[in-house]
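# Inside the fold
Residue strings, one per chain:
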Amino acid sequence: MDNVIIMDHPLIQHKISMLRDKNTGTNEFRTLVSEIAMLEGFEALKDLPTEDVEIETPIETTMSPMIAGRKLAVVPILRAGLGMVDGILSLVPTAKVGHIGLYRDPETHEPHEYYCKLPAPIEERTILVVDPMLATGGSGSEAVDFIKQHGGVNIKFMCIIAAPEGLERLHKDHPDIQIYVGHLDRELNENAYICPGLGDAGDRIFGTK
Ligand code: PRP
Ligand code: URA
């Protein structure tokens, strides 16, 4: 699939294995999600715009590239996406942060929006949407729809674990966006949970179960 990058870096795979372990507690889980976001972000942001600034070295004055950080918006899908924000901000501290609130109906698995706030001017920014889990793809696809409706153009989506079904849906609905995946898992089960997956990412990050 065009525009889909599956990470195969051993550091990311190692940390994902630790996340999967049901004995990994909330504190360690949060730290791992943040670290994986940073490692994936390193790849996802490799085309981030830079601007030349004047720097005085001990030898002479030169023009040298620096990240135009204010042009980046990180947009977590609430709640679980919040766990990935710090990892990205540790790479680009000046990035702006938007929020999209979506939850999956437990019966129908359809996403429902309850919040959306994006940093202006959204049309001029590189937008990195983050959510650890891409299961049916409903939440990811709807989040990207909202951002496009608000004027977002240059959109990337980054998750830690994807199911084939969700990846296919997101790519089909939004063939224009780049998608970064930490690991592509086997399948969804009858409750639309990813197998082998890591369980409910939001509950494990926030300790709500
Ligand atoms: C989870 C996850 C994604 C969504 C993925 O959120 O963080 O947003 O499910 O599933 P989908 O691809 O089938 O839409 P959830 O709805 O459980 O909300 P939460 O983050 O508040 O726990
Ligand atoms: N949301 C999660 O948190 N985990 C899954 O496996 C599927 C959706």
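Attention in this report is confined to the structure presented alongside it. (Residues numbered from 1 in each chain as written. Chains lettered and ligands numbered in written order. Predicted model: local features only at pLDDT ≥ 70, side-chain atom pairs only at ≥ 80, totals over all residues. Heavy atoms only, no water.)

### Here's the deal with the overall build of the protein chain
When helices and strands are tallied, the protein chain shows six helices and 13 strands. Rg of the C-alpha trace for the protein chain: 17 Å, near the compact-globule value of 17 Å for 209 residues, within the 12% margin. Along the longest, intermediate and shortest principal axes, the C-alpha atoms of the protein chain span 65 × 35 × 30 Å. For the protein chain, with 209 residues in total, the buried portion stands at 46%. By sequence separation, contacts in the protein chain at least 24 residues apart represent 65% of the contacts at least 6 residues apart. By element, 51% of the accessible surface of the protein chain is carried by carbon and sulfur atoms, the whole surface being about 10600 Å². For the protein chain, the separation between the mean place of its 19 positive charges and that of its 32 negative charges on side chains is 4 Å. (Helix = DSSP H or I, 4+ residues; strand = E, 2+ residues; numbered from the N terminus. Rg over C-alpha atoms; globule rule 2.2 N^0.38 Å. Buried < 20%, exposed > 50% of the residue type's maximum accessible area, 1.4 Å probe, protein only. Contact = heavy atoms within 4.5 Å. Areas by Shrake-Rupley, 256 points an atom, 1.4 Å probe, with all protein chains shown as cover. Lys, Arg positive; Asp, Glu negative; His and termini not counted. Charge placed at Lys NZ, Arg CZ, Asp CG, Glu CD.)

### Focus on the site of ligand 1
Inspection of the region around ligand 1 gives 15 residues, with Arg104, Asp131, Thr136, Gly137 and Ser139 positioned closest. The separation between an oxygen atom of ligand 1 and a polar side-chain atom of Asp131 is 2.4 Å. Surface burial for ligand 1 is 90%, taken as the share of its 500 Å² of free accessible area covered by protein chains. When contributions to the shell around ligand 1 are tallied by element, the ones reaching two or more residues are strand S6 (99–104), strand S9 (133–134) and helix H4 (138–149). Residues of the shell around ligand 1, tallied by class, amount to six nonpolar, five polar and four charged. (Near = heavy atom within 4 Å. Polar contact = N/O pair within 3.5 Å; in protein donor to acceptor, adjacent residues only side chain to side chain. Nonpolar A, V, L, I, M, F, W, Y, C, P; charged D, E, K, R; others polar.)

### Considerations on the packing of H4 against helix H5 (residues 164–173)
With their axes 8 Å apart at the nearest point, H4 and H5 run at an angle of 20° to one another. Our classification of the angle between H4 and H5 gives roughly parallel. For the pair H4 and H5, the sense of crossing is right-handed. Along the contact surface, H4 presents Gly138, Gly140, Ser141 and Val144, while H5 presents Arg169, Leu170 and Asp173. Here the contact of H4 with H5 is composed, by residue class, of two nonpolar, three polar and two charged. (Axes fitted to C-alpha atoms, helices over the stretch in contact; angles between N-to-C directions. Parallel < 35°, antiparallel > 145°, perpendicular 65-115°, else oblique. Left-handed = near helix turned anticlockwise from the far one by under 90°.)

### Brief notes about the site of ligand 2
In the region of ligand 2, the neighbouring residues are Arg104, Met133, Ala135, Ala192, Tyr193, Ile194, Gly199, Asp200 and Ala201. Taking Ile194, its main chain carries an N or O atom lying 2.8 Å from an oxygen atom of ligand 2. Here a nitrogen atom of ligand 2 sits 2.8 Å away from a polar atom, N or O, in the main chain of Gly199. Protein chains bury 89% of the 240 Å² of accessible surface belonging to ligand 2 in isolation.

### Focus: the pairing of S6
Of the pairings in the sheet, the one linking strand S4 (residues 72–78) to S6 comprises two bridges and is parallel in character. Following the sheet pairing, Leu78 is matched in S6 by Gly101. With six bridges connecting them, S6 and strand S7 (residues 111–117) associate as antiparallel partners. Bridge pairing in S7 links Ile100 to Cys116. (Pairing = 2+ DSSP bridges.)

### Description of the nonpolar core
Leu19, Leu72, Leu128, Met158 and Ile160 are the most contacted members of the largest nonpolar core, which has 33 residues in total. Ranked by the residues each element gives to this core, the list is headed by helix H2 (residues 26–44), at six residues. Excluding residues that lie within four positions of it along the chain, Leu72 makes contacts with Leu45, Leu48, Ile88, Val92, Ala95, Lys96, Arg125, Thr126 and Leu128. (Core = buried A, V, L, I, M, F, W, Y, C linked by side-chain atoms within 4.5 Å.)

### Some thoughts on H4
With 12 residues, H4 should reach 16 Å at 1.5 Å per residue; the first-to-last C-alpha distance of 16 Å fits that figure. The secondary structure elements touched by the buried residues of H4 are S4, S6, S7, strand S8 (126–130), strand S10 (154–162) and H5. In the segment just after H4, Gly151 is the residue with positive phi, at about 105°. (Expected span 1.5 Å × (residues − 1).)

### As for the packing of aromatic side chains
The geometry of an aromatic ring pair comes down to the distance between the two centres and the angle between the two planes. Taken as a whole and judged by the stated rule, the model has one aromatic pair. On the numbers, 6.2 Å between centres and 35° between planes, the contact of Tyr103 with Tyr114 is tilted. Here Tyr103 is found in strand S6, whereas its partner Tyr114 is found in strand S7, with 11 residues between them in sequence. According to the relative accessible area criterion, Tyr114 is partly exposed, its value standing at 45%. (Phe/Tyr/Trp six-rings, centres within 6.5 Å; stacked < 30°, edge-to-face > 60°.)

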